[in-house]
Structure formats: structure tokens, C-alpha cells
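Examination of the molecular architecture
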Amino acid sequence: MDGHFKYIIIGCGMMGAAAARHLSKWTDGVAVIGPAEPANTASHEGVFASHYDDARITRTIDQNAVWARLANRSIARYGEIARKSGVDFYSEVGCLVVGPQRNGDATYVGRVEKAAAQLGVATENMGDSRLGEYFPYFSFPQDSDGVFEEKNAGHINPRRLVKAQTVLAERQGATVIRETVVSTREEGGLVTVATAEGRTYSAEKLLVAAGGFSIAEKLLGARLDLKVYARTVSFFEIDEKQMEVFGKMPSLIWKWTEEDDGIYMLPPVRYPDGKLYLKIGGDPDDVELKTEPEIRAWFRSGGRESTNQHLSAVVGKLVPDVDLSRNSMAACVTSFTPTDYPAIAMTSARIGVLTGGCGAAAKSSDEIGRLGAELLLRGRIEDEAYAAAGGFPAHFV
């Protein structure tokens, strides 16, 4: 045995790192196990994480009260996390939601407005003329309406948020082990984990927070009911001089019809290569990844060119001043539970699960992680504010 702890968290991504921070604040004997980001995605044979990115939308408005609470509680702690860790990760540039002209609460923009009012969020409603005046770089179709959330919204850097959470967890006494867990087992009143590096660790309790890779049966002893979808994001390089135009661009969510899922767009952000990129996502269809090897292969593939072309066409219409030839793409995944809420539940007396972002968890990861830490420490979620989520159950197939 290479180490014994009270609690082990498998996965050092956005949820796992947050859980480690909260749990290590409440107790000692915490370890979080997860590999570092690979240097070369195309040749990497191990697991991946979707937080290998520098821009994700954050906003307080959500049409679902549970997701709104998860987001609002997380955003309220951004400042504290950044201040205590010394790692900045949040840019409050605002978030703009645009869709076809509203026609009561039944339409997309109408529902967003209603949710904002119910949450008491300060927003500005905009028609064609105001959209054109405030955001001249966007070319929305005529008869569009928008809702602009200026405060407590914008984008986060998920890489830096995970770093901030990890820094604080370590400072509070947590042990970070940069290895990949391949199996778990319960025996002798303990949980034992084995890693790809040939080491074993034991704990009194274990939390699996491995994102889409949580479907691996050797982690939970059975196949979790979690649908993992392949996603492609497209990037467009932006010149420094173009920031005179794009420098005040907010994050954007746009549906061009009531029926379409639409797209999300992040303003130009500086990536690790030193260049500025505008990012867009929104796959026109779903491709399910049913096994762990399929997920690994998908990340190595770098994405689908057909989706990249679709997103490039959207950018060409929506932001005409962007040079479409300076384009690249990347692969990520989204994971959905049957409830459309995260799975935060004990699956046995000693093993719990924390996964299922449902395409909405990046901004809310700190609160989701807090609930996972509460689950592991107390054996259940005691916060009654989430009763509508039915206790965030985990289902198996």
C-alpha cells in the first residue's frame, strides 16, 4: 500500500478539485488523485478532462431554479477563491442572450426574461436597435431580441479555476497525487484504488469525480447511467489590433430560431500559445461515446471537421469581421444524467459519485463540488435548498 487517507477523490477536474477544497477545509486526511494535463493530446493514451480550456461562459440567469442556485452560489465565491489562492480566473464582461423576437413567456427570450425577474437579476432587454448600438460587431437577423446581464456574468478560465482550487486544497492539507486511477474495490472496511502507475492507495471513503470517464465500470463496480457526447469547439485567431473592436465583447448565447439549439460564443481570450482566440461551440447533432476507449479516441481526434465547418459558417454570418481562414478546432465532451442534474450520491456505504455536468456545470462547479464534499463527509446532502433535484441521485444501467 502506497498511502492511506480518510477520503480519496478520483478526478482533479472542476468538480473534483472543488470537492477537495471544501472537504479539506472541514477535515484532514484528504487526497485527490488525477493526472496533469497531457503535453500532446494527439499522442496521449491516458484519460482527458474537458477543463483543458481557457474560456467558459458564466452567468447567473438560468430557467431552472436548481441550476440557477448552483450557479449563483458558485459565482458568489469566485472572488474569495481568487483572492485566497492568488490565481485570477474570472472576467466579468457580461453575458448576452439573443433569440427571435419575444412573444410572451413561451418564447426563448421571454423565458430568459422571466427567469431573470424571478431571480432578481439586473438585466437590460434589447431589441434590434439597441443590439446594434451596444454590440456593433455582431450581425443578428432582423427582429431579434436580447437580454444582457452585465454584472456577475462573463467567462471563467477553467484551467486557472482548477489551479486555484488545487492550490487552496493543498494549502489546507490535502494531498494531490498526479496519477490515473484504473480500478477500485471495497475490502476489509476500506476502499482500495489502483493506479495505472502501479501504485495502490486506501481510504475510508471514496468519491468518483471523473467526468465522462466515470462510466468506467472498474471505478464504480457497475455501469453508470451517463450519456457522454462528443463535442467540437472552433477557434478563430484574432489580431491584437482587432481588440479595439472586439475588446468589449461579452459572452454570447444565440438561438436563431425557437427550434434550434443555437450556439455559445466566448470573446477573444489569450490562450497558452500567447495568441488571442474567439471560441464558438454548438454541435448540430449528437454523437454518443459509449465506452471509455471511445472517449479517449475522441479527445485524440481533435474534433469533427463537419461541425467545425458548421460553426465557421455561423461565425461568418454572426461576426463578419472575423477571418475564417485562421481557424482551428478541439474536442471535448459533455455528460448527461437521466435527471439532467449532476449525480451526487453514495453508490455504496463507502463509495460516492460526483459527475454529470449536463453541459452547464463549469460556472457552477464550486457549489457542485461543495455538495460532493458534504456527501462524502456526512453520507448525504443535508442542504434542503436542493430538494427539487430529488437528492441528485445516481442511476445505473
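Below: a short report on this structure. The structure displayed is predicted, hence computed values, not measured ones.

**Some points on the overall build of the protein chain**
In terms of regular secondary structure, the protein chain is built from ten helices and 20 strands. Scaling as 2.2 N^0.38, a compact globule of 397 residues should have a C-alpha radius of gyration of about 21 Å, and the protein chain matches this with 21 Å. Buried positions account for 55% of the 397 residues belonging to the protein chain. Counted over contacts in the protein chain with a minimum sequence separation of 6, partners at least 24 positions apart contribute 72%. As displayed, the protein chain has an accessible area near 16400 Å², and 47% of this comes from carbon and sulfur atoms. A gap of 5 Å separates the mean positions of the 44 positive and 52 negative side-chain charges of the protein chain.

**Looking at the pairing of strand β16 (residues 276–281)**
Successive side chains on a regular strand alternate, one facing one side of the sheet and the next facing the other. The buried fraction of β16 amounts to six of the six residues, a majority that puts the element mostly inside the structure. Alternating positions in β16 separate into two faces, Leu 276, Leu 278 and Ile 280 on one and Tyr 277, Lys 279 and Gly 281 on the other, with burial throughout. Pairing of strand β13 (residues 227–238) with β16 involves six bridges; the strand directions are antiparallel. Paired with Phe 236 across the two strands is Leu 278, which belongs to β16. As defined by bridge partners, strand β15 (residues 263–270) adjoins β16 across five bridges and the pair is classed as antiparallel. By the bridge assignment, Met 265 is partnered in β16 with Ile 280. What sits between the antiparallel neighbours β15 and β16 is a turn of five residues, in which Gly 274 has the positive phi angle 85°.

**A few points about the packing of aromatic side chains**
Remark: the centre distance and the inter-plane angle together describe each pair of aromatic rings, the angle taken between the planes. A complete count under the given rule lists 19 aromatic pairs for this structure. An angle of 50° between the planes, with centres 6.1 Å apart, marks the rings of Tyr 134 and Phe 135 as tilted. Judged by centre distance (4.9 Å) and plane angle (80°), the rings of Tyr 137 and Phe 138 are edge-to-face. Look at Phe 138 and you get buried, because its relative accessible area is 6%.

**So, the packing of helix α1 (residues 14–26) against helix α10 (residues 365–378)**
Running from N to C, α1 and α10 cross one another at 55°; their axes reach a closest spacing of 7 Å. The pairing of α1 with α10 is recorded here as oblique in orientation. The two elements α1 and α10 cross, and the hand of that crossing is right-handed. Two secondary-structure elements touch here, α1 through Met 14, Met 15, Ala 18, Ala 19, Arg 21, His 22, Leu 23 and Trp 26 and α10 through Ser 365, Asp 366, Ile 368, Gly 369, Arg 370, Ala 373, Glu 374, Leu 376 and Leu 377. Residues that form the contact of α1 with α10 fall into these classes: ten nonpolar, three polar and four charged.

**A look at the nonpolar core**
Counting 57 residues, the largest nonpolar core has Ile 8, Val 193, Leu 206, Val 208 and Ile 295 as its most contacted members. Among the elements that take part in this core, helix α3 (residues 108–119) stands out by supplying five residues, more than any other. When near neighbours in sequence (up to four residues on either side) are disregarded, Val 208 contacts Ile 10, Ser 214, Leu 219, Leu 220, Ile 351, Gly 352, Val 353 and Leu 354. Listed in part, the 44 residues of the second largest apolar core include Trp 67, Val 162, Ala 169 and Leu 376.

**What about the pattern of salt bridges?**
On inspection of all chains with the given rule, the structure shows 32 salt bridges. Ionic pairing is found between Asp 28 and Lys 6, a salt bridge with its closest N-O pair at 2.6 Å. On the criterion of sequence distance, the pair formed by Asp 28 in the loop between α1 and β2 (30–33) and Lys 6 in strand β1 (residues 4–10) is long-range, its members being 22 residues apart. Overall, the relative accessible area of 48% leaves Asp 28 in the partly exposed class. The partner of Arg 159 in a salt bridge is Glu 37, with the nearest N and O atoms 2.8 Å apart. Here the residue Arg 159 occupies a position in helix α5 (residues 158–171), and Glu 37 occupies one in the loop between β2 and β3 (56–58), the gap between them amounting to 122 residues. Each of Arg 21, Arg 73, Arg 77, Asp 366, Glu 367, Arg 370, Glu 374, Arg 378, Arg 380, Glu 382 and Asp 383 takes part in salt bridges that share partners, so that together they form one network.

**Quick look at the side chain of Arg 370**
Mapped onto the fold, Arg 370 is located in helix α10. Exposure remark for Arg 370: the relative accessible area of 13% places this residue in the buried category. Within the local environment of Arg 370, its side chain forms a polar contact with the side chain of Glu 367, the two groups lying 2.9 Å apart. Setting aside chain neighbours within four positions, we find Arg 370 in contact with His 22, Trp 26, Arg 73, Arg 77, Asp 383 and Tyr 386.

Thresholds, definitions, all that
Residues numbered from 1 in each chain as written. Predicted model: local features only at pLDDT ≥ 70, side-chain atom pairs only at ≥ 80, totals over all residues. Heavy atoms only, no water. Helix = DSSP H or I, 4+ residues; strand = E, 2+ residues; numbered from the N terminus. Rg over C-alpha atoms; globule rule 2.2 N^0.38 Å. Buried < 20%, exposed > 50% of the residue type's maximum accessible area, 1.4 Å probe, protein only. Contact = heavy atoms within 4.5 Å. Areas by Shrake-Rupley, 256 points an atom, 1.4 Å probe, with all protein chains shown as cover. Lys, Arg positive; Asp, Glu negative; His and termini not counted. Charge placed at Lys NZ, Arg CZ, Asp CG, Glu CD. Pairing = 2+ DSSP bridges. Phe/Tyr/Trp six-rings, centres within 6.5 Å; stacked < 30°, edge-to-face > 60°. Axes fitted to C-alpha atoms, helices over the stretch in contact; angles between N-to-C directions. Parallel < 35°, antiparallel > 145°, perpendicular 65-115°, else oblique. Left-handed = near helix turned anticlockwise from the far one by under 90°. Nonpolar A, V, L, I, M, F, W, Y, C, P; charged D, E, K, R; others polar. Core = buried A, V, L, I, M, F, W, Y, C linked by side-chain atoms within 4.5 Å. Salt bridge = Lys/Arg side-chain N within 4 Å of Asp/Glu carboxyl O. Polar contact = N/O pair within 3.5 Å; in protein donor to acceptor, adjacent residues only side chain to side chain.

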